[in-house]
Every structure is written in C-alpha cells, then in structure tokens.
Amino acid sequence: MSAVDGLLHPRAVAVVGASERSAMAGRLTRYLRDFDGPVYPVNPNYQQVHGLPCYPSLLELPGPVDLVLVMVPAARVLAVVEEAGRAGASCAVVLSSGFAEVGADGRALQEQLVEVARRYGLRVIGPNCQGLLYRPTGLAATFTAAADGEQAPDSGIAYVGQSGALGGSFLGMAGDRGIGLTAWISVGNQADITATDAAELLVADPNVRVLACYLEELPDGARWQRLTAHAAALGKPVVVLRSGRSAAGERAVASHTGALVRAGTAFDLLTSESGAIQVDDLDELLDTAVALTAEPRPRGRRIGVITSSGGAGGLAADQAEPAGLVLPELDPATRDVLAPLIPAFGSAVNPVDVTAQVIDDAGQFGAVCDAVAASDEVDAVLVVLTTIGGEAALEVAESILRAAKRSTKPFAVAWLYSHEQIAEAGSVLRRNGISVLGTTTAALRLIAHLVPREHRRAERAVPRGLARFLDRPELTEAEGAQLLDALQVDRPRGRVVEPADAARAAREFGDEVVLKVQSPDLAHKSDVGGVLVGVPSERAGSAAQDMLDTVAANAPDARIDGVLVQEVVPRGVELLVGVQGSEHGYPPVLTVGMGGTTAELNPDVVSALGPVDAERAVALLRELRGWPLLDGFRGRPRCDVDAAAAAIASISQAAAELGDELGELEINPLVVHQTGAVAADLVVRKEAP
C-alpha cells in the first residue's frame, strides 16, 4: 500500500497520545468509532480509552498499522515518528504544535522530523495541523469540534487548507447548511505533504466532484498548473481562497513593473486561465463549491432578476456589470406572459418587480419565475427578496423551489432580511441546491463564478539564443540595445562616449539630443539627475559633464560607464512594457500600461502570463483606460498599435525563452507614434543565482 493510499484508505489507525482527560485527544479516539478498520489508542498510562484497549507503544500493537495520529508534546514527536516508521506505518499526521510556527528552534525540529520520516519512507501531514476526514472510509482523524454531531449527506465537496482554524470553520459552516464534506484535510506547516499534494490526491478521487482550497503560501507553479489542468480534464471545478493578496504582501523591486505587480500575480493569472475560480472569503468559498455541485449551470452571463422591491432590483442592476453579468431586455413574448401577472405599479422589464401583492400569492409568483426562466434571453435567474419572513418566507421559498425544478436554468436567491426570519426558508432552498445569499453583490458574484470559462493560453513560438545577452547581473541601456535589436524592437540611435566626446557624437543625431548616464547600479536614472532631454548638440559636452557631477553627488557609490548620447524620439503615446521572469515554476508575467515617469502615481496597467502574440497584445492594450489615446482620441492621429503590439509580443516571448535567468525586463517608455513604436528606455536585470 502506498503512503497516499494509507492516508485515506488505511487498514488500521493508531492514536499516539490517546486520552479521555484531554478534550482534543479524547475527540481523536471518539470520532474514529465509525472507521471501518481497527483503531489502536497508544498511551502507556492507560489500559483503555473510550472502551478500546490501549497499548504502551506502536511496536506492541496486535496488528499492522498504516496511519498514525500523533498528539504528544513537540519534544516527543521525533521519537514517535521514528517508532511509527519502525512499526511499518506509511503515513503520520502530526497534530502537535511547536515547530516552524514558533521560530528558529521549532523550524530546526521540523527539519529533523522530515529527516526521520524520510529515513523510513513515511509521509507526514503537518505538523501543527488538525488532521483529516474521509467520508467513504468513515475516517475522522481530527480533533476539531466542528466534526461533532451527526454528519450531513455526502456532497462530493473536498476541502484542503493550511489553516486548521479556518478549516474547522469551513467544516462547521458546511454542517450548519446541511452539507457533508466528502473529504477534509488540514496540512498545517506542510513539512512534507503540501496542500498541492493533498489536492492532487483528492482531485483523482472518484468520490470528489468539487475541490475547495485555502492557501497561505503560493504553491509551486508547475505543480499547480498540472493540478488545475488535471482537474479541468476530469470536469472537477477547483475553488481557491488565498490569503496574502494585500498591498502588505507586495514584493518590492527596483522597476516600475515590480512596484505595480503583486507577488501573487502569476498565481492569480495562472489560476484564472486554468478555469479555476478564486474567491475572497470563506463564505464565498463554501457557497461557490456548493453551487458547483448543483445542476444546471448557466450557459452564459445573461440573468433575469425577479424582485419584491424596486430598490433592491435597481441595486442588482447596478452591480451586475461589475460582476461581469448582463441584464438583457426580455423578449416581447416573455413580457406578454408577465403583463397579466404583475400589477400596473410593478414592472415587467428586467429587473421584474412583482410587488408585495404577487409575493403573497405563491401560485402567481411561481408563474412569474416560470416565465422569466423560460425566456431565451436569460441564462440564470436571480430572485431578490427583502422583508419577507416566517411562514410567508417559507411559502415563497417553496414557490421558488417548484419553479427551479421545472426549469433547465439555475436559480439563486439574495434574501435581504433577518437571518432568524428566513432561516427555515433558506434551509429548504439550500438543501435542494439553490444558493441563498445575504447580499445582491454576493449572489451576483456567485452566478458569475458558475459561468463556464475557457481561458487557455496557447503556446507561442519564442526566439532562441537570447541568454548570451545576459552576461552581467545588470545591463545598462546601451548594453541592452543588442537584445532589443535581436527582438526587432526599434530603439533610438545612440552612442556611449566620454563627456569630452559628447558634442561630436551629438552632431550625428541632429540639432538636439538626449543624454543618459550609463550605470548598472541605476535602474531609474532620472531620479538622480541622470537624464537630460532636448540638449542642443553644441552644448552636449558641458551638459554631459554637469549631468555626471549631479549623479555623483546624488549617487556617489554608483559605477559610471559613460554617457549615452541618443537621438530624440518623436513624440507619441508613452507605454510601459515590462516582464518579470519565470520563478517557482510560474510563467513570466507581462505588464502593459500607460508609461512615463508618473506611471506609479496613477497606475493604468494590465497583466497577463507570457508569452503572448500580437493579437493578445492588442487585446491587452484595449483593456487600458488610456486606450483612446492610442486609438485617435478627439481627432488625434491614430497611433501605430500594430507596431506596439509586435514589440510587446517580442518582449514577452524573450522572457519565456530566458526563463528563470531573467529577473526583469522593462521598457518605459515605449513611445508609440503614427508610424512605429520606439523603446526609449530599457532596464534589464538578471535573476540572482
């Protein structure tokens, strides 16, 4: 039996640290009474625990054991894990805390734990976790109080999470709603088995229909990509809640791009493109997972809204577009059916305001639901209810339920009222697969999550042999010019000289030139006075020396490699184009936005996983608020968008070829004018070894 088989399908389970005195340890043994194999409490201080014979050590059990649950003080865990290995166990769940979460000493102890486990080929969940549940084998190997009580019917939903406390909350919330989880795994510190490992195991399980994940650490990108692809191939939705997405978790890097792209952007983009669903809180994680187990699902983004309140319907209409949904105009045939069902002071348009008069008549209200759901203009139905509670609420719920059962389209309910007043009605709906949410925003987001998506990223041809250009950790703009030439990205003509030769060089490029200090230590040359624009060619020499003096005063430790004398670029729209190289198994992240020196003050950027082709690059540009400036805003000449898209595609493809050797590559600005696009400034940084 493999270690993973021993995790969910163990022949026998041992509980080391079993006790009736400790509430948590007591639950471990008590919950295992429904397990379909032998359970062995292990504690030298007891003869029996919860009516089961108790054994002094794992080496004295009457039969083989596959799964060992460890709940002893951290200092004793290593000895127990070694004993588990000697006893032939395949997997240990270390519920004990006191490891990496407490600091350096605990981290060292955790590393020793992994070393001992590997010596015996033993797989470990935890430490500092709350265990696992697996309904098909009756395995309840956890101490969380959320597992108390009678289990609700099996839903086909599996949960994997790092936080034991949040995992317990998820389990308890599911129980409150009458939803029994098929599997539930708390991985804790992930010393050995990670959340991705557990997710892979559960996605492959035929009993699992939907996987819900809570993540605190970003998983390896290649593993995550394989997991989501496998889940998609099996038709099993993956729903993800990830913490650490705030500004406090942003990675600080030198370029504008790094300042504008969150550390988890590659994960978010990869997750979205895989068809997995990201949510923002635990309620949404559960609501979405449950809704994904129901049939049918919406075929598109058009919703019909039925409401008992014109104001609530107006809110739903306002909030639909930000959620990515549309409220279509109902077809004439549907309006004809609705007209005699709704009072004159109601509304038969979408949203459909039935008024309190219709709500009080279950048959009439059901007929309205039938008519809206039957419309060819509608993919899903949202019922928005307000101050309807008690017996009346139950009648309305049953009316909605009957209509939903007659329809081939999904229903959801936003019920804006006291939880106590609608508890029974909400329970009737939820237990029959109809989601009930407390706000219109939550209901609309849920419907949007259910719409099938297909965002597969096509493989793009990438150039080869670019690594030769990354021969130094930081390239100056002049050194990076060869890379731009190889990528066929236009750049200004220029030459690196000493100040004394600047005037002679400037005469090659016209009456005015741009002067830039060249230093691998200065990513933002203008911040230290290292860029001068529109310098008369005859004054280039003195201006270059003055510029170097200013840079020396502002950045005395920077290495100076000369002055780049460059031709002036024709005026145009300035874009920022940057890529962060591949890392941790994720593809490179391309960022495109409105550029220039003020890019960070009012960010207007979009991101995508690289590589992209020119068609995708144009689509990204169209997402910018500043797109009209490229497209001929207020009679201005239209910019050469095709040239800009070609440059963007080339940069993204270079990042894909350079892989994890590239730290970042940024053009800011890429100046786009009527007849081309020119890279007016360049930053290239090699990834640190």
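Residues numbered from 1 in each chain as written. Predicted model: local features only at pLDDT ≥ 70, side-chain atom pairs only at ≥ 80, totals over all residues. Heavy atoms only, no water.

Notes on the pattern of salt bridges
In this structure the tally under the stated criterion is 28 salt bridges. In this structure, the salt-bridge partner of E82 is R119, at a minimum N-O distance of 3.9 Å. Here the residue E82 occupies a position in helix α3 (residues 74-86), and R119 occupies one in helix α4 (residues 104-119), the gap between them amounting to 37 residues. Assessed through its relative accessible area of 29%, E82 is described here as partly exposed. Here D192 makes a salt bridge to R123, at a shortest N to O gap of 2.9 Å. Of this pair, D192 sits in the loop between β11 (183-186) and α6 (195-203) while R123 is found in strand β7 (residues 123-125), placing the two residues 69 residues apart along the sequence. Residues joined by salt bridges that share partners form a network here, namely R123, D192, D197, E200 and R223. (Salt bridge = Lys/Arg side-chain N within 4 Å of Asp/Glu carboxyl O. Helix = DSSP H or I, 4+ residues; strand = E, 2+ residues; numbered from the N terminus. Buried < 20%, exposed > 50% of the residue type's maximum accessible area, 1.4 Å probe, protein only.)

Notes on the nonpolar core
The tendency in soluble globular proteins is for nonpolar side chains to be buried side by side. L7, L69, V93, L139, L202 and L211 are the most contacted members of the largest nonpolar core, which totals 54 residues. For this core, the element with the highest residue contribution is α6, accounting for 6 residues. Among residues more than four places away in sequence, those in contact with L7 are L67, C91, V93, I125, L132, L139 and L201. Counting residues in each nonpolar core, the second largest holds 46 residues, with A174, V210, L286 and V290 among its members. (Core = buried A, V, L, I, M, F, W, Y, C linked by side-chain atoms within 4.5 Å. Contact = heavy atoms within 4.5 Å.)

Section: the packing of helix α11 (residues 310-320) against helix α17 (residues 440-450)
At a closest axis distance of 9 Å, the pairing of α11 and α17 adopts a crossing angle of 45 degrees. By the criterion of interaxial angle, the relationship of α11 to α17 is oblique. Our pair here, α11 against α17, has a crossing hand that is right-handed. Only T440, T441 and L444 of α17 make contact with α11, whose side of the interface consists of A312, L315, A316, Q319 and A320. Its residues placed into classes, the contact of α11 with α17 shows 5 nonpolar, 3 polar and no charged. (Axes fitted to C-alpha atoms, helices over the stretch in contact; angles between N-to-C directions. Parallel < 35°, antiparallel > 145°, perpendicular 65-115°, else oblique. Left-handed = near helix turned anticlockwise from the far one by under 90°. Nonpolar A, V, L, I, M, F, W, Y, C, P; charged D, E, K, R; others polar.)

What about the sheet that holds strand β18 (residues 411-415)?
By way of backbone hydrogen bonds, the strands of a sheet pair with one another, either parallel or antiparallel. A sheet is described by the order of its strands in space; here 5 strands give the open sequence β16-β15-β17-β18-β19, paired in parallel fashion. Strands with a single pairing partner mark the edges of an open sheet, and in this sheet they are β16 (352-353) and β19 (435-437). Here strand β15 (residues 303-307) runs beside β16; their pairing, made up of 2 bridges, is parallel. Residue pairing for β16: I306 is matched across the bridge by V352. (Pairing = 2+ DSSP bridges.)

Description of the packing of helix α10 (residues 282-293) against α17
Put simply, α10 and α17 touch, their axes get as near as 10 Å, and they point 45 degrees apart. Between α10 and α17, the interaxial angle falls into the category oblique. For α10 against α17, the interelement crossing comes out right-handed. Contacts between α10 and α17 involve E284, D287, T288, A291 and L292 from the former and R445, L446, H449 and L450 from the latter. Grouping the constituent residues of the contact of α10 with α17 by class yields 4 nonpolar, 2 polar and 3 charged.

A word on unusual backbone geometry
In this chain, E295 is followed by P296 through a cis amide linkage whose omega measures 0 degrees. Relative to the helices and strands, P296 resides in the loop between α10 and β15. Cis geometry is found at the peptide bond from N350 to P351, where omega equals 10 degrees. As for its position among the elements, P351 is in the loop between α12 (332-338) and β16.

A closer look at the confidence of the model for the chain
Residues at a pLDDT of 70 or more form 94% of the chain, whose mean pLDDT is 89. In the model, residues 248-258 has pLDDT below 50 throughout and makes 31 contacts with residues more than four positions away in sequence or in other chains. (pLDDT = per-residue confidence, 0-100.)

Considering the environment of L171
Tracing the chain through its elements places L171 in helix α5 (residues 164-176). The class of L171 is buried, set by a relative accessible area of 6%. Taking the C-alpha atoms as reference points, L171 and L181, separated by 10 residues in sequence, lie 7.5 Å from one another. With sequence-adjacent residues up to four places away left out, L171 is seen in contact with L133, T144, A146, A147, L181 and W184.

With respect to the side chain of D287
With respect to the helices and strands, D287 occurs in helix α10. Once residues lying within four places of it in the same chain are set aside, the contact partners of D287 are R177, S435, L437 and L446.

Details of the packing of aromatic side chains
The geometry of an aromatic ring pair is captured by two quantities: the separation of the ring centres and the angle between the planes. Counting across every chain of the model gives 5 aromatic pairs. Their ring planes at 20 degrees and their centres at 4.7 Å tell us that Y159 and F170 sit as a pair that is stacked. Taken together, the positions of Y159 in strand β10 (residues 157-161) and F170 in helix α5 put the pair 11 residues apart, joining distant regions of the chain. Given the relative accessible area of 0%, Y159 is considered buried. Take F170: its relative accessible area is 0%, and that puts it in the buried class. Through pairs of rings, three or more aromatic residues link up here, namely Y159, F170 and W184. (Phe/Tyr/Trp six-rings, centres within 6.5 Å; stacked < 30°, edge-to-face > 60°.)

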